[in-house]
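# Understanding the architecture of this molecule
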Amino acid sequence: MGIGNQPGGLLPGREGQPSDSLPKYERTTFDVVTIGAGYLFMPLGLVLALIRIITTHYKNYRKSVNYSLLFHAFVGGFLQMMGIVVISIFSDDAMDTTTLISGLIFVGLVLLLPASAFARSAAKARFRFSQLANQYVHLIRVERVRYTGNLADRTGQSEGDVNRDLLYLQKYGVLDSGLLFHEGADAAPQAQAGQAAVSPFTPPAGQPSYQQPRAQQLPKSVRCPGCGAQNTVAPDQSTSCDYCGTTIAYG
């Protein structure tokens, strides 16, 4: 099964920099609702963020977005607790200063430290996907790889991940939407590499090297140095030109 309808190339742009064409975060309506819930009622926002992670975290391009949702949920929880503290200050039964400061420190440790960790995770996940996108661009544009199985082997991803990533990159114009890919792997280059790796002419360690036999030579057409006519010459032989009689060597 192919992705796209016809062969094509990458859209014009700065080669090796696909992250410039990708959004920082691709947020759906559900994501926006989750962020809003996180700032209005943190427990609900946290539950929605966890649901989003369970259902979409297997997608490479969703990882940074999902970590970002958790970040907003915890920051929203901190702001809500700050609001409660501010309201308590102006209430009739306001807490004493020591209790207030202790409470703020505790809230900061419980909510802001995880928020900071999720922010770093989101940045790392986005960087990793950007690097992965750079790999796809190089393999497709420079090395002309068109099989998703080969792309999976070269990038360390599953073939399903590769298909999802390519569709995402095509959606944002990093790859031409008409670019055609084939499922599976092109076995010919791998077979040649395997034959070279187990070549019987490679000597064991400490043993003298064996002379590898030359590739079989075939008759070829050679231009006569005298009159310029083409003549067929057999390997390791010479012949006389059919037109002027000049001797022509194979090499």
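A brief structural summary.

### Details of the overall build of the protein chain
The helix and strand tally for the protein chain stands at 7 helices and 4 strands. For the protein chain, the α and β elements follow one another from N to C terminus as α-α-α-α-α-α-α-β-β-β-β. Within the protein chain, contacts between residues at least 6 apart in sequence are counted, and of these 59% link residues at least 24 apart. A total of about 15,200 Å² of accessible surface is found on the protein chain, and carbon and sulfur atoms cover 59% of it.

### Re helix α5 (residues 148-155)
With 6 of 8 residues buried, α5 is to be regarded as a mostly interior element. Of the residues making up α5, those classed as buried are T148, G149, N150, L151, A152 and T155. Directly beyond the C-terminal end of α5, a positive phi value near 75 degrees is found at G156.

### A word on unusual backbone geometry
Although it is not a glycine, R144 sits at a positive phi angle of roughly 60 degrees. Topologically, R144 is positioned in the loop between α4 (97-142) and α5.

### Here's the deal with the packing of aromatic side chains
Any pair of aromatic rings gets described here by the distance separating the centres and the angle formed by the planes. Taken as a whole and judged by the stated rule, the model has 5 aromatic pairs. Taking 4.2 Å as the distance between ring centres and 10 degrees as the angle between the ring planes, the aromatic pair formed by Y61 and Y168 counts as stacked. Separated by 107 residues along the polypeptide, Y61 in the loop between α2 (42-56) and α3 (63-89) and Y168 in helix α6 (residues 159-171) bring together distant segments of the chain. For the residue pair Y61 and Y168, the accessibility class agrees, reading buried in each case. Plain terms: the ring middles of F129 and Y168 are 5.5 Å apart, the flat faces sit at 75 degrees to each other, and that makes the pair edge-to-face. Separated by 39 residues along the polypeptide, F129 in helix α4 and Y168 in helix α6 bring together distant segments of the chain. An aromatic cluster of three or more residues is present, and its members are Y61, F129, Y168 and Y172.

### What about the pattern of salt bridges?
A full pass over the atoms with the stated rule returns 5 salt bridges. With a closest N to O distance of 2.9 Å, R52 and D31 form a salt bridge. Of this pair, R52 sits in helix α2 while D31 sits in helix α1 (residues 29-40), placing them 21 residues apart in sequence. With respect to class, R52 is no different from D31; both count as buried. Measuring nitrogen to oxygen at the nearest pair gives 2.5 Å for the salt bridge that ties R164 to D161.

Each value, and the rule that gives it
- Per chain, residues are indexed from 1 in the order of the written sequence.
- Local features in this predicted model are restricted to residues of pLDDT 70 or higher, and side-chain atom pairs are both shown and tallied only at a pLDDT of 80 or more, whereas totals for entire chains, interfaces and linings draw on every residue.
- Note that the side-chain values use all heavy atoms of the structure and ignore hydrogens as well as water.
- Secondary structure elements follow DSSP: runs of H or I no shorter than four residues count as helices, runs of E no shorter than two count as strands, and numbering proceeds from the N terminus.
- In what follows, residue pairs with any heavy atoms lying within 4.5 Å of each other are defined as contacts.
- All accessible-area figures derive from a Shrake-Rupley calculation using a 1.4 Å probe, and residue coverage is judged against the displayed protein chains alone.
- Partly exposed residues are those whose accessible area sits between 20% and 50% of the maximum for their type, while under 20% is buried and over 50% is exposed, using a 1.4 Å probe and protein chains only.
- Ring pairs are drawn from Phe, Tyr and Trp, using the six-membered ring of Trp, whenever the two centres fall within 6.5 Å, and their geometry is named by plane angle: stacked under 30 degrees, edge-to-face over 60, tilted for the rest.
- Each salt bridge in this description consists of a side-chain nitrogen of Lys or Arg and a carboxyl oxygen of Asp or Glu lying within 4 Å of one another.

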